[in-house]
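One-letter residues, chain by chain:
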Amino acid sequence: MSNPWIAIGALAAVAILIPVAMIVVSALLRPRVPELSKRATYESGEIPTGGTRIRFNIQYYMVALLFVVFDIETVLIFPWTVIYNDAVQAVGMTRALVPMLVFIGILVVGLGWAWRNGAVRWVRSPRAQRQKVER
Amino acid sequence: MDPLVNLPDWAGMAPMLAFAVTALVLFLLDSIEPESDSLSLTVLTGVGLIGSLAAVVLSGWFLLEAGPVELFAGAYVVDEMSLFFTALIGSVTALVVLGSHDYIAETDYRAEYYSLVFLAATGMAMVASANSLAAAFVAVELVSLPSYALVAYLKHNRGSVEAGLKYFLVGALSSAIFVYGISLVYGATGALQFDMIATAIDGDALTGGPGILGLGILMVIGGVAFKTAAVPFHFWAPEAYEGAPAPISGFLSSASKAAGFVLAFRVFTVAFPLDAVSGTFDWTLAFLILSIVTMTLGNFAAATQEKVKRMLAYSSIGHAGYVLMALAAFSGTGAESLLADVSNDSLLLGAGMMHLLVYGFMNTGAFLFVALAEYWGVGRRFEDYNGLWREAPIASAAMTVFLFSLAGLPVGAGFLSKYVLFMGVIGAGLWWLVVIALVNSALSLYYYSRLVKALWIETPETPHEIDSYPAGIYAAVVAAAVVTVLLLPGFGVVAEEAIAAAGALL
């Protein structure tokens, strides 16, 4: 009788019932005033221009990827610095420091490669330039 | 390490580190000279050859001299099997690097191409040594991610980009299945390391009953099936191999497949020993079904292809089916084989390893011949290869050796590795499985001969216009052919090593 799944099932039923009920009730009660501006994509008064299929500049992704490099680095270095003193006492300087230096070294090689290959050079988009001139 | 080799334990990682260091050196070289034209391609190929051959030499040396080593609290082991496969991966990488020299001469981002090849090879060497499911997953991802980029390397070629996307989507799906399976196995046993999983299963200390473990094992099979291009995760293989640059197709279909199989051998023999899990989930039955379906589908589909690269891709699926027989016929009992003094299980695994080794040379060689044809712009269909022997007699002879060896004729070591594999399967009492495999081999002889016939007998409609003979691809094709033939007399020596490695694992 005291199956805990009954309570979960009841919760699920309520969770479905409430939003459905709200939609149904509001559909029954609300006045209908169809007008053009209500059908616009943004009801905020912003007039949408152009299509949705725009090409984003690839460099947003480049920056995001470089961010991931630093992000991972930070996530690993923080706990390492916290335990560093204890680790040196427990296993010695070499085993505490060298693996982290190797890790950072590999990341630096990757970052250096990306830098030299122009991943952080913000190239101007010719299309955006053109649009600016036209305006 | 064994006293014979006077080195610290971590030196056992040296073959894998050789790949990793080569990848980083290539990145550094590219950072110094990022403009594509200024850095000589010969330097890059040279660095790549040195790195891959260093991995072969180091693993061969450790294989002969050193004992097994456990590193990182047992998550990474360097034993005979891992060294055998690292040597295999190193040889294939060397062939691919040499074969790519002319193939990518006209393209941009050549240093990155080589670095990605070496990062994937690092991952494969790690897969061969991984002794914990977490390490195995990270290593498999390290193989997969560079492979996706390499398949889509010809980025102005629609086929290549499409192949890369398909490979990525199927790969992402099967990675998700694999990691979910790992989580279920961990949930059931509370361990990630292979031997500890086995202990937990043996001690009946399963959380959530045997069902969760069984589902986890099934999903791990899914992950392995993707890497080895076996049914039901084979869909990516024909597309990816056809669209990718031909040397990369060879790399993926031999080295990447070998890495998938070494993972399967290690996981299923060490972590899920048959006598312990047979009540939960009898994985030999799963591999039996997969093996039959994979080899039949691969060979029948290959027989209907019009394009050479696609035919080789489906034949590669078929060969995955043959090697899966080694796991399908596995008994876990240590029963005697038809050979004296060798248990049937180690004979089976050893034969599987030998087939992968021989396959590594003959299949990479065949794809490099396709690379040669693509370099000349010959065309993709069988008819386009008509009468190619007039222009390229040496390469055509090498290709004939590869094809007949793939079919299992005794011109190359493909005959012996298949023979020993069949012997092991018969020793396990599955003679009807051997009959199916023989029917498949006979069918494969038909479609391989079609290409041989095109090369030597047919006359071309329009004469081929061949103005240059690329030295790198030629050297790689000839080297692969020489090794394929030399493994025929040298088979016994290498096979003993492989069977001993399999025996050490069991």
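Residues numbered from 1 in each chain as written. Chains lettered and ligands numbered in written order. Predicted model: local features only at pLDDT ≥ 70, side-chain atom pairs only at ≥ 80, totals over all residues.

Under the annotation held in an unreviewed UniProt entry, chain B carries the name NADH-quinone oxidoreductase subunit N and is attributed to Halapricum hydrolyticum. Listed in UniProt under the heading Subcellular location (unreviewed entry), the comment for chain B reads: "Membrane". (UniProt positions renumbered as here; feature names shortened; annotations may be inferred.)

Chain A has the name NADH-quinone oxidoreductase subunit A in an unreviewed UniProt entry, where Halapricum hydrolyticum is given as its organism. According to the UniProt record, the Subcellular location (unreviewed entry) comment for chain A is "Membrane". If you open the UniProt record of chain A and go to Sequence similarities (unreviewed entry), you find "Belongs to the complex I subunit 3 family."

A. Fine view of helix α14 (residues 344–376) of chain B. Residue and element names in this part refer to chain B. Between its first and last C-alpha, α14 extends 47 Å over 33 residues, near the 48 Å set by a 1.5 Å rise per residue. If you look at α14, its biggest bend is around 30°, right at Y359. Most of α14 sits out of view: 31 of its 33 residues are buried. Immediately beyond the C-terminal end of α14, within one or two residues, lies G377, with a positive phi of roughly 70°. (Helix = DSSP H or I, 4+ residues; strand = E, 2+ residues; numbered from the N terminus. Expected span 1.5 Å × (residues − 1). Bend = angle between axes of the 7 residues up to and from the residue. Buried ≥ 20, exposed ≤ 12 C-beta atoms within 10 Å, placed from the backbone.)

B. The arrangement of helix α19 (residues 491–505) of chain B in detail. All names here are of chain B. Its 15 residues give α19 an end-to-end C-alpha distance of 21 Å, which sits within 8% of 21 Å, the value for a rise of 1.5 Å per residue. For α19, the complete set of buried residues consists of F491, V494, A495, E497, A498, I499, A501, A502 and L505. Contacts from the buried residues of α19 go to α2 (41–65), α3 (80–103), α10 (246–271), α14 and α16 (414–427). (Contact = placed C-beta atoms within 7 Å.)

C. Layout of the nonpolar core. Residues and elements named next belong to chain B. Of all hydrophobic cores here, the largest spans 195 residues; its most connected members are V117, V127, M325, L368 and F369. No other element matches α14, which puts 21 residues into this core. With residues near it in sequence (within four places) discarded, F369 still touches A395, A398, M399, F402 and V477. (Core = buried A, V, L, I, M, F, W, Y, C linked by C-beta atoms within 7 Å.)

D. Representation of unusual backbone geometry in the model. Residue and element names in this part refer to chain B. With an omega of 5°, the peptide bond running from V231 to P232 counts as cis. Turning to its location among the elements, P232 is positioned in the loop between α8 (209–227) and α9 (236–243). Backbone geometry places F72, a non-glycine residue, at a positive phi of 50°. As for its placement among the helices and strands, F72 is situated in the loop between β1 (69–71) and β2 (76–78). Of note in the backbone geometry, A229 takes a positive phi value of approximately 55° without being a glycine. Mapped onto the fold, A229 is located in the loop between α8 and α9.

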